[in-house]
Amino acid sequence: MDSKKLALLCRKLAENKKAENTVILDVRKLSSVTDYFVVVSGNNEPHLRAIVNEIADKLRDEYHMRPRAVDGDVRTAWQVMDYFDVIVHVMRSDVREKYDLESLWGDAPRVGSRAGRKTRAASS
C-alpha cells in the first residue's frame, strides 16, 4: 500500500472511533523521516485507547502491518505510532493544542480535508 493510501486509511480508522480534528500533513518535501503525519485528537484515556487500538488492530489483522515503533501511551495523552512512511499522532486535545504540530509543520500541505469535518484549518 502506498503511503498516501495508508495515511487516508489511518484517518478513516481513527474516525471510526470518533477521533476529532483529524489532519493529514504531507511532509515529503520537508522531512526525510516520513511521508505523512496523521494527527488526531481524543477526549480522554478510554477514547485515545479506542482510537489507537482501532488503527493498530485493523492494520495488523486486515493488512498485516505493524508499527515499526510506538512511543508514549494513552496515560501520557500522546501516543505516536510509526508505520515508517506514515506517523500517526493520537493526542488529547489539550496536549495537541500545547504542542501544535500543525503550526510546527505549517509548510506541509494538508491532504484530503473533508467538508463538514471540524479541523484546525476551519477553526483558525
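Residues numbered from 1 in each chain as written. Predicted model: local features only at pLDDT ≥ 70, side-chain atom pairs only at ≥ 80, totals over all residues. Heavy atoms only, no water.

1. So, the nonpolar core
Part 1 of the reasoning: Membership of the largest hydrophobic core comes to 23 residues, with the highest contact counts inside it found for Cys-10, Val-38, Ile-55, Leu-59, Tyr-83, Val-86 and Val-88.
Part 2 of the reasoning: In this view, Val-86 contacts Ser-3, Leu-6, Ala-7, Cys-10, Thr-34, Tyr-36, Val-38 and Met-81; residues no more than four positions away in its chain are not counted.
Part 3 of the reasoning: In terms of nonpolar packing, the next biggest core, distinct from the first, is built from 12 residues, Val-27, Ile-87, Val-95 and Leu-101 among them. (Core = buried A, V, L, I, M, F, W, Y, C linked by side-chain atoms within 4.5 Å. Buried < 20%, exposed > 50% of the residue type's maximum accessible area, 1.4 Å probe, protein only. Contact = heavy atoms within 4.5 Å.)

2. Some points on the environment of Val-38
Part 1 of the reasoning: Along the chain, the position of Val-38 falls in strand S2 (residues 36–42).
Part 2 of the reasoning: Classification of Val-38 as buried rests on a relative accessible area of 0%.
Part 3 of the reasoning: Sequence separation between Val-38 and Arg-110 is 72 residues; the distance between their C-alpha atoms is 9.9 Å.
Part 4 of the reasoning: Setting aside anything within four residues of it in sequence, one finds Val-38 in contact with Ala-7, Cys-10, Arg-11, Val-23, Ile-24, Val-86, Ile-87, Val-88 and His-89. (Helix = DSSP H or I, 4+ residues; strand = E, 2+ residues; numbered from the N terminus.)

3. Here we look at the packing of aromatic side chains
Part 1 of the reasoning: Across all of its chains, the model carries 2 aromatic pairs by this definition.
Part 2 of the reasoning: Geometrically, the ring pair formed by Phe-37 and Trp-105 is edge-to-face, given 5.2 Å between the ring centres and 80° between the ring planes. Highlighted residues: Phe-37 in strand S2 and Trp-105 in the loop between helix H4 (101–104) and helix H5 (120–123), separated in sequence by 68 residues.
Part 3 of the reasoning: Exposure remark for Phe-37: the relative accessible area of 8% places this residue in the buried category.
Part 4 of the reasoning: On the basis of relative accessibility, which here comes to 22%, the residue Trp-105 falls in the partly exposed class.
Part 5 of the reasoning: Ring centres of Trp-78 and Tyr-99 lie 5.0 Å apart, and the angle between their planes is 45°; on these two criteria the pair is classed as tilted. With Trp-78 in strand S4 (residues 78–82) and Tyr-99 in helix H3 (residues 93–99), this pair connects stretches of sequence that are 21 residues apart.
Part 6 of the reasoning: Residue class for Tyr-99 comes out partly exposed when judged on its relative accessible area of 42%. (Phe/Tyr/Trp six-rings, centres within 6.5 Å; stacked < 30°, edge-to-face > 60°.)

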